[in-house]
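If you want the building blocks of each chain, they are given just below.
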Amino acid sequence: MRPGPVELVTNAPPDWPKVYLEGPLTAHTPTLHFITAVETRFRTSHVQVLEADVVRVTRQGVLVVPLRVKAPDGEYDLFFYPEADERAAGHFVAVHEIAQRYGRLRPVFYSTDDLFAIYPDDVGEVAQQDRLFIQASLMPPKGQYAMWWAEQPGERFELSQTYLLFDRLYREISGLEFSAFAQILIEIGMIQSEEEATAYTFPDQTVEIPLQGPEGIPMILSFSQTRGIRFHFHIQRTPPEYRELFLNLALLRFKLWRKQPEIASMPRLDSPPLLWWQDLGKRLRSLSDDQAIGAVGSVKR
């Protein structure tokens, strides 16, 4: 006799619709079945399905969220675990800790049992730090892009968190800027290996590549041998929090890359881009509050 539908256990608000899946559930039950069931159950409810298979940027790296929904009290991130075991509990506990510590996420689990009642031996790393989750953009939105811009009168770039993140990034890849740039080109599919990119391919001029970042945020990657790698974010579409989260992700990404034996053995150099960056910082700090500029690294599209 075929088993009937299984009601999934969840920590969702009690007024949300119940979600059922045809049993039995195994580790191989496709997440698509869960997404379809939620969309069907929520269709006539007060909870709206926003998007599936979503990339979310956090302070720890990137999380792939199966489904995002919007309730009257805000948005939630839904995670599906077809088997309620220590591995599932460990994953969700790690996600929950990231949300509790850094905010931005509101995770909800769906499984065959209460994951909070399972105490895993190990809560591992769940956020990915080995890529930037970017892709080339063929139709970048028009507007103003910048490395940083003031949200309020009197804000100064050199006193911002964005400046500190750029500063750490410049120091992390000093002397390796071209190789780091090649890593980004590999990720977006422009080249297959670093050997395909040479300094002769990109002469001493600024190369600008429109990108779509994680969560669909438009940005421009620029590179030159004198100013190195810079990320310019669409001013109208980029919350400052996202700008800082993405730069932190880039820093985590290149820190991992720097740990590779063949990269770690290379000496750290005060490269032309780092010297340019340090000189920019000195010039900005010499300005009075009345002279402080409202945007840095502006690019118009």
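Residues numbered from 1 in each chain as written. Predicted model: local features only at pLDDT ≥ 70, side-chain atom pairs only at ≥ 80, totals over all residues. Heavy atoms only, no water.

Engineer: An account of the environment of tyrosine 102 is needed here, citing residue identities and associated values.
Structural biologist: With respect to the helices and strands, tyrosine 102 occurs in helix α2 (residues 86–102). In this structure, the C-alpha to C-alpha distance between tyrosine 102 and glutamine 60, residues 42 residues apart in sequence, is 9.0 Å. Each residue touching tyrosine 102, except ones within four places of it in the same chain, is listed here: Arg59 and Gln60. A polar contact of 3.2 Å, which involves the side chain of tyrosine 102, links it to the side chain of glutamine 60. Engagement of the side chain of tyrosine 102 in a polar contact is seen with the side chain of arginine 101, the distance being 3.3 Å. (Helix = DSSP H or I, 4+ residues; strand = E, 2+ residues; numbered from the N terminus. Contact = heavy atoms within 4.5 Å. Polar contact = N/O pair within 3.5 Å; in protein donor to acceptor, adjacent residues only side chain to side chain.)

Engineer: Give a detailed account of the nonpolar core, specifying residues and quantitative values.
Structural biologist: Of all hydrophobic cores here, the largest spans 53 residues; its most connected members are Ile229, Phe231, Phe246 and Trp277. With nine residues, the single largest contributor to this core is helix α5 (residues 240–258). When residues no more than four places from it in sequence are discounted, the contact partners of tryptophan 277 are Met147, Phe157, Tyr163, Phe166, Asp167 and Tyr170. Of all hydrophobic cores here, the second largest spans 20 residues; its members include Phe34, Ile35, Val47 and Ala71. (Core = buried A, V, L, I, M, F, W, Y, C linked by side-chain atoms within 4.5 Å. Buried < 20%, exposed > 50% of the residue type's maximum accessible area, 1.4 Å probe, protein only.)

Engineer: Run through the pairing of strand β5 (residues 61–71), naming residues and quoting values.
Structural biologist: Of all 11 residues making up β5, nine are buried, and the element is well covered by its neighbours. In this structure, strand β4 (residues 48–58) lies alongside β5, joined through nine bridges in antiparallel fashion. Among the inter-strand pairings, threonine 58 is bridged to a residue of β5, identified as glycine 61. Linking β4 back to β5 in an antiparallel pair, the connection comprises two residues. Where β5 and strand β6 (residues 74–81) come together, five bridges link them in antiparallel fashion. In the strand pairing of β6, leucine 67 is matched with leucine 78. (Pairing = 2+ DSSP bridges.)

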